[in-house]
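Structural description and commentary
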Amino acid sequence: MPDKTFTVDKMRAVCFVKRLQWDVPGTLFMHGMTIGDVDNDGDNELVVGTAEGDLYIFKGTELWQKITGLGLVTSVAIGDIFNYGRNALIAISGDGWIHIYYSPRSVNPGFNTLHSENSTSENGEPLDHNVSRTKAGSLNSTIDSNTSDHKNNVGKSDESTGKMECVHVQRIPANTKVVLIADVDQDGANELIIGLTDRVVRSYRWSSNADLGSGKLVGLNKWECTNQIGSVTLQDDSEGKPTLLVAQPGGTFMRIKCNTDDCQVDDECFNDSSKAAASIDYQTLGKSRMRNPNISTEILGNLKPKIKSSPDDDSIKCMSSNDTTRHSSFSDDLRNKCTVSEDVSENNSPGVDDVDGNVVGGNIIFQDFDTKRDGIDYLEDGNNNIRGSDSKLDDLKKQINSESQTKKNSKSYALATLDGTIMLVKDEIILWAMQVDHHIAALCPLDVTGDGADEIIACSWDGQTYILDQQRNSVRFQFEDPVRAFCAGMYSVFPRSSTPCLVYNNFHNKIFLYYDVSLPSMMVTALNAEGLLEQEEQKEMLRKLLTGSSDCEREAQLKQLTEWLLYGTH
């Protein structure tokens, strides 16, 4: 059986040279740095929060805004927390203060904002009165009396440049470690989910009161975990319903399914967690290998699959149009048309991963379906064809098509443990796992090949960064210093454009942003002069040059030309 574990010496190394560098005095937490469009102008910015209470917002190549006096910032997030269709910036401190910042106007008036061309405000700026009356509870509200001490510490807005303005300050439980903004109960409104260092996950939703001109975050749910929380991510199940995945030590996690009925805007839910506890599922992902229960785990959900070139590529034809189908042909056709990892597809047989001892793949790929399904008897005639009534066969087709559609809609998610194990999981089945000799500290999604699929970016504490696609092809990049914090995303170095980037914070209070980290392919392809020449005239000149040469002479000339094209003086 082939070895299923990759080692570092089998990976090819890449080098990224385009980078920006900034000095950020202060200490960063791992979740104190993020990328997103904070001012809703269509360009993504980098936000950095420090333990000294400073919040830095970088736009393009420069520092755009600095906000001070926020306390020990442990986590930051960018998202539509107000459910207005515009992003806001959330900074949470370790002592339990949450600051929400909002841009007073959009820098790019072409985007969907709170402004309208048909109305103007007192200072001449366009304003939508209908939205203003209903949404003013949060954007134009005064800070509550219990937050008056913090009001003088927040940054002031500059409407001429659209800089961020503090619109809300509120006290929440202390010791926040990670924050997530997402619709976890499928009600159409985003919630704020926080993970605390005291093994608790809480959810909040913004509630505004237009009559009183105020609003606040109200508690929805509280879940207590068994062990320390690594990270929290959103993962859609096979039915497309959102669930929360909470990483637990030892490569395990908790799956929390939020129902709309359970998410009541009532503080009493914090005293009664019976409804929430009924929706919790603890996943171990394989018991054959005893993992160290004390190692931390990072989890990353809803990885985007690769965009297929044709509809036939992403569909599985389970049954033919005929009323009868050969059972053996159906099983073979199902195996051949399913896409699995590279090692499995080559062997076309189930394999056991050496890291975890789990079967690589799932039942939909390798199982020979029985001739008995749901108590319905099917008999085979002399030609090995399934015989039965038309209604029973139709029911069978519908059931198999439903199962195939369910598997098709499922998305993969990734886990990484501190000891260097990286896994890709789908429907609680480990598709593949690999072991590296570095301690993994962070996981981020990023499309570095431009094919529409998310690659997995795994960064270790010593700066070794692994880029893996969902077929387990991988490359590595070595950052020069040990890493204190890391994030990845699409950053706008230049206006109206964004490129994939990797952001590192070292222990010398510096931020390094590597941009344009695109790769043409995760696979290694042969390089020759014919492939380097794109214009037809150049190819015609090459054909004339090689005319009449023997095979040995042709190979030598191509090698010499390739070296000159890559390394010669032009």
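**Here's the deal with the sheet that holds strand β31 (residues 483-491)**
Spatial ordering of the open sheet is given by β2-β33-β32-β31, a layout of 4 strands whose pairing is antiparallel. The open sheet terminates on both sides in strands that have one partner only, identified here as β2 (19-23) and β31. When the angles between neighbouring strand axes are averaged without regard to direction, this sheet yields 15°. Pairing of β2 with strand β33 (residues 510-515), which is carried by 5 bridges, proceeds in the antiparallel orientation. Within β33, the residue paired with W22 across the bridge is I511.

**Quick notes on the pattern of salt bridges**
On inspection of all chains with the given rule, the structure shows 13 salt bridges. One salt bridge in this structure joins D41 and K59, with 2.9 Å as the shortest N-O distance. Of this pair, D41 sits in the loop between β3 (33-36) and β4 (45-49) while K59 sits in strand β5 (residues 55-59), and the two are 18 residues apart along the sequence. By relative accessible area, which is 5% here, D41 ends up buried. Classification of K59 as partly exposed rests on a relative accessible area of 23%. Here R205 and D185 are joined by a salt bridge, their closest N and O atoms 2.8 Å apart. Taken together, the positions of R205 in strand β13 (residues 200-209) and D185 in the loop between β11 (176-182) and β12 (191-196) put the pair 20 residues apart, joining distant regions of the chain. If you follow the salt bridges from partner to partner, you end up with D39, D41, E45 and K59 in one network.

**What to know about the pairing of strand β30 (residues 474-478)**
Here strand β1 (residues 12-13) runs beside β30; their pairing, made up of 2 bridges, is parallel. Bridged to R12 within β30 is V475. Where strand β29 (residues 464-468) meets β30, 5 bridges bridge the pair, whose relative direction is antiparallel. Opposite I467, over in β30, you have V475 as the bridge partner. Remark: 5 residues form the turn of the hairpin made by β29 and β30, two consecutive strands paired antiparallel; R472 in that turn has positive phi of roughly 75°.

**Regarding the pairing of strand β28 (residues 455-460)**
Counting buried positions along β28 yields 6 of 6 residues, so the element is predominantly enclosed. The alternating pattern of β28 places E455, I457 and C459 on one face and I456, A458 and S460 on the opposite face, and all of these are buried. Alignment of strand β27 (residues 440-446) against β28, held across 6 bridges, turns out to be antiparallel. Its bridge partner being in β28, P445 is matched across the sheet by I456. Both β28 and β29 contribute to a ladder of 4 bridges, which runs antiparallel.

**Brief notes about the confidence of the model for the protein**
Residues with a pLDDT of 70 or more make up 63% of the protein, whose mean pLDDT is 75. Ignoring residues within four places in sequence, the model shows residues 310-388, a span with pLDDT below 50, making 139 contacts including any to other chains.

**Quick word on the packing of aromatic side chains**
In this structure the tally under the stated criterion is 14 aromatic pairs. Judged by centre distance (5.5 Å) and plane angle (80°), the ring pair of F253 and Y413 falls under edge-to-face. Of the two residues, F253 sits in strand β17 (residues 252-256) while Y413 sits in strand β24 (residues 412-417), which places them 160 residues apart along the sequence. For the pair shown, F253 and Y413 are each scored as buried.

Criteria and cut-off values
Residues numbered from 1 in each chain as written. Predicted model: local features only at pLDDT ≥ 70, side-chain atom pairs only at ≥ 80, totals over all residues. Heavy atoms only, no water. Pairing = 2+ DSSP bridges. Helix = DSSP H or I, 4+ residues; strand = E, 2+ residues; numbered from the N terminus. Axes fitted to C-alpha atoms, helices over the stretch in contact; angles between N-to-C directions. Salt bridge = Lys/Arg side-chain N within 4 Å of Asp/Glu carboxyl O. Buried < 20%, exposed > 50% of the residue type's maximum accessible area, 1.4 Å probe, protein only. pLDDT = per-residue confidence, 0-100. Contact = heavy atoms within 4.5 Å. Phe/Tyr/Trp six-rings, centres within 6.5 Å; stacked < 30°, edge-to-face > 60°.

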